[in-house]
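Here is how the chains run, residue by residue.
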Amino acid sequence: MPSMEIIRSISGIKLPCPLPEEYKGICRDIAFNHDGGLVALRAENYCIHFYSLLDDRGISEVQVCERNHQPGDDVTVVVTLVALSQDGSLMSTVDVKLAEEGIGSLVCLKFWVSGTQNKEFTLSTIVYEPHRDAGISAVAFHPNRRAAVSSSYGGDFKVWICNDELQQKDLQSSGWSCHAVGSYKKKAMTAAAFSADGSVLAVAAETVITLWDPDRNVLVAVIGETLTPIMNMSFVGSSEYLVATSWGSKPQLSVWNMSKLSISWSYLLHVEAVACAVDTSSFAALALLPESSNCKEANGTTFQGRDGVILLFNAVDPVPVASWSARKAKGGALAFLKANPSFTYENISDGKAPQTLLAYVNGDHEYVLFDPYGKEVHELSKFHQGDRLTHEEGQFGYASIYGELPEFKLKRNQDLWAPSVPSEKPWETIFSGSSHNLPPLTKLCSAFLESLLEKRTAALE
């Protein structure tokens, strides 16, 4: 399995203060602009830092909260979520003012619009307590319209529409307002995603997936359920598949067929991040390797300190197309980016520049870009028959990634033992051959001792 060596580091960004314990693992503080090759990261002083992965340089910063944080101050505000539209023209952020002694908490949902000239984001709308006092679990933008959905742990989701979509001339064109509200059996809404054409809205209600018509706000179908609550999900390009990840005591990666309204295949894996290609049915998953297991590759070598593996799938097939081991996978992220035609790529075996790049950003904000469909990488990373993943329920660790070890059937050697033949130099051949073919100990001792004695060639006078 090829390793994923980090070749670049996101420079010029100052990391924010550590998150409070209750927000660790649920903050979604990284987003990608797939068309522009940009990444948006949570930075210090309540900022969102934009960085070009293709040009390896910082682009701009957006001040989410108008306040300055000193290193010695207690953390009072946390930016918990950032989301970008597919073309990068819209952004949404969520910041939470922490409660003091159990009172005074405040959740703010903000919509930002990028200018056509300078590409700088300006604040469009602030929504205080959009889901009452409940936290926001996810924000997803419509692929073709200026619309978005926000889901909450309080048991509802809301569809937001930019006012120019509603053609209300009496309101500001950049303002956003609530278009619809939905819920399902008062369950926490933990994830949300639009289909590629925007005709279907999928919202996870803990362990089940609810499918909605976003225009009429009508529940179309309910599919499920998973072993633990769904934390992230996304439609796989323009295909009929949806991929979902669950965390908890029984983490799971599951792929669902929308035409059959049923699960297609799944693995018991802790998946940190998932990225879906825009035009194909491919997706990549960043899976964490279990710490307790002695993880080894198929050829018997260890992962050498790497704690994650990137798996490339075609949604129709549970067998991965390619895989790469990665370091510092905890807190990492993946994204398919549109390749820049003017960029000079190295290590191209077939002489053709890639159309799509896969970006991996690890927990320390180091990143690497590579062609996941490249001929050389594909050949090095393909799975052989003995390395196939299995998706039977109840498998963990090594078995969940590589499958059960084959049963070895020892066959007795049918070759008859042939007695040794004395030679002039028996010590050269006495211990040669396999151990089970050595002569009996009684013959070995006499032959060995005789080999140590010198033979007399003449009688003593």
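This one's a predicted model, so the numbers in the text were calculated from it and none came from an experiment.

### Let's talk about the side chain of Q252
Structurally, Q252 is set in strand 22 (residues 252-257). According to the relative accessible area criterion, Q252 is buried, its value standing at 7%. Side-chain polar atoms of Q252 contact the side chain of S266, separated by 3.4 Å. Among all residues touching Q252, those that are not within four sequence positions of it are T226, L227, A244, T245, S246, I263, S266, Y267, L268 and L269.

### Comments concerning the sheet that holds strand 3 (residues 30-33)
The strand order across the open sheet built from four strands is 3-4-5-6, with neighbouring strands paired in antiparallel fashion. Looking along the sheet, the strands with just one partner apiece sit at the ends: strand 3 and strand 6 (57-63). Direction aside, the axes of adjacent strands within the sheet are offset by 25 degrees on average. Relative to strand 5 (residues 47-52), strand 4 (residues 38-43) is paired through six bridges, and the arrangement is antiparallel. Bridging from a neighbouring strand, L41 pairs with H49 of strand 5.

### Some remarks on the confidence of the model for the protein
Caution applies to low-pLDDT parts of the model: their predicted coordinates are not meant to be read in detail. With 67% of its residues at a pLDDT of at least 70, the protein reaches an overall mean of 78. Confidence drops under pLDDT 50 across residues 412-421; counting only partners more than four residues distant or on other chains, this segment forms six contacts.

### Side note on the sheet that holds strand 16 (residues 189-194)
What the four strands build is an open sheet, ordered 16-17-18-19; its pairing is antiparallel. Edge positions in the sheet fall to strand 16 and strand 19 (218-224), since each of these pairs with one other strand and no more. On average, each strand axis in the sheet is tilted by 20 degrees relative to the strand beside it, whichever way the strands run. Looking at chain direction, strand 17 (residues 201-205) and strand 18 (residues 208-213) are connected through five bridges and run antiparallel. Across the sheet, residue A202 finds its bridge partner in strand 18, namely L211.

### Let's talk about the side chain of D156
With respect to the secondary-structure elements, D156 resides in the loop between strand 13 (147-152) and strand 14 (157-162). Within the structure, the side chain of D156 is placed 3.0 Å from the side chain of H131, a separation counted as a polar contact. At 2.7 Å, the side chain of D156 forms a polar contact with the side chain of S152. Discounting chain neighbours no more than four positions away, the residues touching D156 are H131, R132, S150, S151, V181, G182, S183 and M189.

### Comments concerning the pattern of salt bridges
Using the criterion set out here, one finds six salt bridges in the structure. With a shortest N-O distance of 3.5 Å, D95 and K110 are connected by a salt bridge. Taken as a pair, D95 in strand 8 (residues 90-97) and K110 in strand 9 (residues 106-114) lie far apart in primary sequence, 15 residues in all. Across the pair, K110 and D95 agree in class, each one buried. Between D156 and R132 there is a salt bridge, and its shortest N-O distance comes to 3.8 Å. Linking D156 in the loop between strand 13 and strand 14 with R132 in strand 11 (residues 130-133), this pair joins segments that are 24 residues apart in sequence. A cluster of three or more residues bridged by salt bridges with shared partners is formed by K328, D364 and E366.

### Digging into the packing of aromatic side chains
This model, assessed by the stated rule, comprises 12 aromatic pairs. Here the aromatic residues F111, F141, W160 and W176 are joined through ring pairs into a cluster of three or more.

### Some remarks on the state of the cysteines
Applying the stated rule across the entire model yields zero disulfides. We note that C47 lacks a disulfide partner, and the nearest cysteine sulfur, in C65, lies 9.1 Å from it. Between C108, a cysteine without a disulfide, and C65, which holds the nearest cysteine sulfur, the sulfur-to-sulfur distance is 7.3 Å. On the accessibility criterion, C108 (6% relative accessible area) is buried.

### A short note on unusual backbone geometry
Of all residues except glycine, most have a negative phi; of all peptide bonds, most are trans. The peptide bond linking G224 to E225 adopts the cis configuration, its omega dihedral lying at 10 degrees. Take E225: it is sitting in the loop between strand 19 and strand 20 (230-235). With phi around 60 degrees, K186 is a residue other than glycine that occupies positive phi space. Relative to the elements of secondary structure, K186 occurs in the loop between strand 15 (176-182) and strand 16.

### Focus on the environment of K338
In this structure, K338 sits in strand 28 (residues 333-338). The exposed category is assigned to K338, whose relative accessible area is 53%. Between the C-alpha atom of K338 and that of T356, which follows or precedes it by 18 residues, the distance is 5.0 Å. Apart from residues no more than four positions distant in its own chain, K338 is found in contact with H34, D35, L54 and Q355.

Cut-offs and rules
- Residues numbered from 1 in each chain as written.
- Predicted model: local features only at pLDDT ≥ 70, side-chain atom pairs only at ≥ 80, totals over all residues.
- Heavy atoms only, no water.
- Helix = DSSP H or I, 4+ residues; strand = E, 2+ residues; numbered from the N terminus.
- Buried < 20%, exposed > 50% of the residue type's maximum accessible area, 1.4 Å probe, protein only.
- Polar contact = N/O pair within 3.5 Å; in protein donor to acceptor, adjacent residues only side chain to side chain.
- Contact = heavy atoms within 4.5 Å.
- Pairing = 2+ DSSP bridges.
- Axes fitted to C-alpha atoms, helices over the stretch in contact; angles between N-to-C directions.
- pLDDT = per-residue confidence, 0-100.
- Salt bridge = Lys/Arg side-chain N within 4 Å of Asp/Glu carboxyl O.
- Phe/Tyr/Trp six-rings, centres within 6.5 Å; stacked < 30°, edge-to-face > 60°.
- Disulfide = S-S within 2.5 Å.

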